[in-house]
Amino acid sequence: MEPEARELGCIVNDMSDMVVVDLDCTVTAELEAEDGFPEEEARNVLDVTQGLKALFQNEDDEGDDDDGEDDDSGTDHFNSEKSGTQLQRCERHKGGSSRLPDTFQTSNLLFYERFKAYQDYMLGDCKPSEVEAFTADYLDKVLEPCDWMALWCTDVFDVLVEVRDLDLKALKACVKLALPLQCDTRGCEITEEAMNSLLEATQHKVSLQELQVVYDESGDFDQTALALEHLRFFYKHIWREWDDEDEDDDFDYFVRCVEPRLRLYYDILEDRVPAGLVAEYQSLLENCSKCFQQFSELRSTLCADSDSELDNVSMVEGLKLCDQLETFKRKLHIIENPLLRYVLAYKGNSRQQCVQSRGLRASGTKVVHVVTASCGIIQLQSLLSARLMPLCSSEDTEIQFHSEPVSAVDACHQGDVVIVLPGIYSVGSSIFIPDSITIEGFGFPDEVVIEKKVKGDSFVESAGADVRLSNIKFIQHDAIEGILCVRQGTLNMENCVLQCETTGVIVRTSARLTMNMCDLYGSKGAGVEIYPGSVCSLVGNSIHHCKDGILIKDFASELDGMPSITMENNGIHNNEGFGVILVKPGNGEHLVPADRTEEDTAAHVAKDEQQEGVIAPHSAASSSSSETPTSSSSSSAPVQPEAAEASGTDGDVASVTGRKWQLSRQLSRNKEASCSRAVQDLMEHQIFVSVQGNQFKRNGRGDFGTFFY
């Protein structure tokens, strides 16, 4: 048996290509048949078998790898190994009587899919004047040149056609009517003869944007369907008819226009933009389009060599239209920019206007509204002795109980009081306060929690003449607007905690806010936004872990009135941007040249320091220890030297009023060159009534800055 085993091993070595497939089972069967087969010899035979199988497996894998390296998918979005279409079917006859074939479902693409298509394949780094050429080149690479079926879709009819040729320069296709006629009409009847007459009038050419590719399971027309969807979406939602008329054509069109407009589209689609701002944007688009059409028509009638009085008048009108057009374009750009959208553009939610002030009750009675889900005897006794007995001492006062805060506030008239007992109250709608009422938590803020989890435009809106809010913690989830907005009137807020989601507290024009001993954090925008013409007093608050601490909109050059601000003994720390930032309309003199390096700017500031004796922070870290100008009427709070070095207090800065200091960081990120720098002198802006005792530390870009737009 031993010689036979050796002989078998030799056969395997010499003729492995012939017996390797059945070798494993052959050897195993023979080993089982022969009980006297030596264990060591059997192991050798099995080792040879496994080695040969591994050798051939490696060769097969290498062959597969070589085949994969030769496969170049180019701009294909799908794996070439997968057979059939990767797109879904859009059923046209579902629930209706349409006789037309189904098409590809391409309208539900995700943001990143469109983003990648425009950036990598269709537009790249083209300029506005090159968009048509780049688009035609993209379509030439991916569209099937002829012999594919499509639906020609218009506002009046949908008809089945066959594509015979492409005119990519004009973004059109030469089509032929498919027979027998398959057509769906809306409000009219169209015959085959009428349709042929229409095609002859257009020389059988229709816009590629009006074509929907007929569904095909083979996958051969996937790229054609996707390319037409990208083209259609681009000219409907991204392209503006005035884009290629910008005098400054030397910029990346995708970065400056396509990306922000695409992001705005999906933000609106996913309910991340307030309804009021969406309506404002649509109105601006419509007005800008009308203005551009008027300007284009007027420009076409002007003669360059004419000196007639009529042409001179038309020239003046054209200049006015041009200026108006630029204003519309600037406002659109602000809304399209996610960084400026809420800072400069949004004027508020129109829904709050429908909430009218109720005034005093006709009976003259006042009501104390108690909010609680359940109440124990001891807690009720404490409530009676501490709050209800003092408030209900007169006969014209009554008590009402509510299970949640929104219904209590909605039932309030002027002079009512809402007392919220400890608990966590989840609300599904906004809280509007149109009357002068008092809302207070009966306990510590962490014990009295009101949270809003449902997506909406606002959380708390105050419009009463004298609203008081205290001892409550507000938590905002999945929000679009800020956590609290003072639309008009006066809001006095004390000892509250505000856990923000988007922006924090907003003080609108002509409104007043007194905010004392509050804790505000988590805002993705500014912790406190102060509008022109408002009055804001911030005393003893902690504003931290926001995008910016306090944002002041100083539009004195555009509006009648400046904000009036008091800041005393606040802790403003750990914010990503500035502790306090002013937003101002910019002009050329505020902008740092794009070609100036950061080192040159720092050197220039250092030279100014020597000449004028300024205090200039040179980095975000060092700026936090700079001194802050204060009002000459404000007193200085005593501060320990160690604390001044660590946290950058402004307690001893009364003596440095009038000093100028600048920020050495250039913050221009694009060719619009909006920049941010330190405030030269806070008191020059005439907006600060008092600034003292504030502590600034670990703010990412520094304590104070100005943003010019």
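Residues numbered from 1 in each chain as written. Predicted model: local features only at pLDDT ≥ 70, side-chain atom pairs only at ≥ 80, totals over all residues. Heavy atoms only, no water.

Enquirer: Explanation requested: the overall build of the chain in the structure shown.
Expert: Each helix and strand in the chain was counted, giving 17 helices and 35 strands. Put simply, 67% of the contacts in the chain that link residues at least 6 apart link residues at least 24 apart. Accessible surface computed for the chain: about 35,800 Å², of which carbon and sulfur atoms make up 48%. (Helix = DSSP H or I, 4+ residues; strand = E, 2+ residues; numbered from the N terminus. Contact = heavy atoms within 4.5 Å. Areas by Shrake-Rupley, 256 points an atom, 1.4 Å probe, with all protein chains shown as cover.)

Enquirer: Teacher, can you tell me more about the confidence of the model for the chain here?
Expert: The predicted structure's coordinates, where accompanied by low pLDDT, should not be read in detail. Taken residue by residue, the chain gives an average pLDDT of 75. The fraction at 70 or more is 68%. Across residues 1–37, where pLDDT falls below 50, the model places 27 contacts with residues more than four positions away in sequence or in other chains. Of the regions scoring below 50 in pLDDT, residues 52–81 engages in 21 contacts with residues more than four places distant in sequence or in other chains. (pLDDT = per-residue confidence, 0-100.)

Enquirer: What's the story with the packing of aromatic side chains in this structure? I'm lost.
Expert: Each aromatic ring pair is described using two quantities: the centre-to-centre distance and the angle formed by the ring planes. A full pass over the atoms with the stated rule returns 16 aromatic pairs. Ring centres of Phe234 and Tyr235 lie 5.0 Å apart, and the angle between their planes is 85°; on these two criteria the pair is classed as edge-to-face. By the ring-pair criterion, three or more aromatic residues cluster together here, those being Phe111, Phe115, Phe233, Phe254, Tyr265 and Tyr266. The ring centre of Phe233 lies 4.0 Å from the NZ or CZ of Arg114, which sits over that ring. (Phe/Tyr/Trp six-rings, centres within 6.5 Å; stacked < 30°, edge-to-face > 60°. Lys NZ or Arg CZ within 6 Å of the ring centre and 35° of its normal.)

Enquirer: Sorry if this is basic, but what is going on with the packing of helix 5 (residues 111–122) against helix 8 (residues 222–238) here?
Expert: Interhelical geometry of helix 5 versus helix 8 gives an angle of 100° and a closest axis separation of 11 Å. Relative to helix 8, the element helix 5 lies roughly perpendicular. Counting all contacts with helix 5, which are made through Glu113, Arg114, Ala117, Tyr118 and Met122, the residues of helix 8 involved are Glu229, His230, Leu231, Phe233 and Phe234. Its residues assigned to classes, the contact of helix 5 with helix 8 shows six nonpolar, one polar and three charged. (Axes fitted to C-alpha atoms, helices over the stretch in contact; angles between N-to-C directions. Parallel < 35°, antiparallel > 145°, perpendicular 65-115°, else oblique. Nonpolar A, V, L, I, M, F, W, Y, C, P; charged D, E, K, R; others polar.)

Enquirer: For this particular structure, what's the right way to read the pairing of strand 26 (residues 535–539)?
Expert: As a general feature of sheets, a regular strand has side chains that alternate between the two faces. What you see with strand 26 is a clean split: Cys536 and Leu538 sit on the buried side and Val535, Ser537 and Val539 on the side with no burial. Of the strand pairs in this sheet, strand 26 and strand 29 (residues 564–568) are connected by five bridges, and their pairing is parallel. Of the residues in strand 29, the one forming a bridge with Val539 is Glu568. (Buried < 20%, exposed > 50% of the residue type's maximum accessible area, 1.4 Å probe, protein only. Pairing = 2+ DSSP bridges.)

Enquirer: Is there a simple way to explain the sheet that holds strand 27 (residues 542–544) in this structure?
Expert: Adjacent strands of a sheet pair through backbone hydrogen bonds, lying either parallel or antiparallel. Within the open sheet, the eight strands sit side by side as 12-15-18-21-24-27-30-34. Their pairing is parallel. Each having just a single partner strand, strand 12 (423–427) and strand 34 (695–697) make up the two edges of the open sheet. With direction set aside, neighbouring strand axes in the sheet form an average angle of 10°. Looking at chain direction, strand 21 (residues 497–499) and strand 24 (residues 519–521) are connected through three bridges and run parallel. Bridge assignment links Val497 to a residue of strand 24, and that residue is Asp519.

Enquirer: Mind showing me how you'd approach the environment of Val420 here?
Expert: Topologically, Val420 is positioned in strand 11 (residues 417–420). Remark: the alpha-carbon pair of Val420 and Val449, spanning 29 residues in sequence, is separated by 9.1 Å.

Enquirer: Whenever I open this one, the environment of Leu110 confuses me. Can you help?
Expert: When you line up the elements, Leu110 lands in the loop between strand 2 (103–105) and helix 5. Distance in space between the C-alpha atoms of Leu110 and Tyr266 is 8.7 Å, their sequence separation being 156 residues.

Enquirer: Where do I start with the pattern of salt bridges in this structure?
Expert: Should the charged atoms of two oppositely charged side chains come close, the side chains can pair. Inspection of the entire model under this criterion finds 24 salt bridges. One salt bridge connects Asp416 with Arg361, and the closest N-O pair in it is separated by 2.8 Å. Of this pair, Asp416 sits in the loop between helix 14 (405–410) and strand 11 while Arg361 is found in the loop between helix 12 (341–345) and strand 9 (366–371), placing the two residues 55 residues apart along the sequence. Judged by its relative accessible area of 0%, Asp416 falls in the buried class. (Salt bridge = Lys/Arg side-chain N within 4 Å of Asp/Glu carboxyl O.)

Enquirer: Which parts of the structure should I look at to understand the sheet that holds strand 20 (residues 490–494)?
Expert: Pairing in this open sheet of 10 strands is parallel, and the strands run 10-9-11-14-17-20-23-26-29-33 from one edge to the other. Of all the strands in the sheet, just strand 10 (397–402) and strand 33 (688–692) have a single pairing partner and so form its edges. Averaged over neighbouring strand pairs, the angle between their axes works out to 10° when direction is ignored. The strands that helix 13 (residues 377–391) touches are strand 9, strand 10, strand 11 and strand 14 (438–441); relative to strand 11, the one it contacts most, it runs at about 175°.

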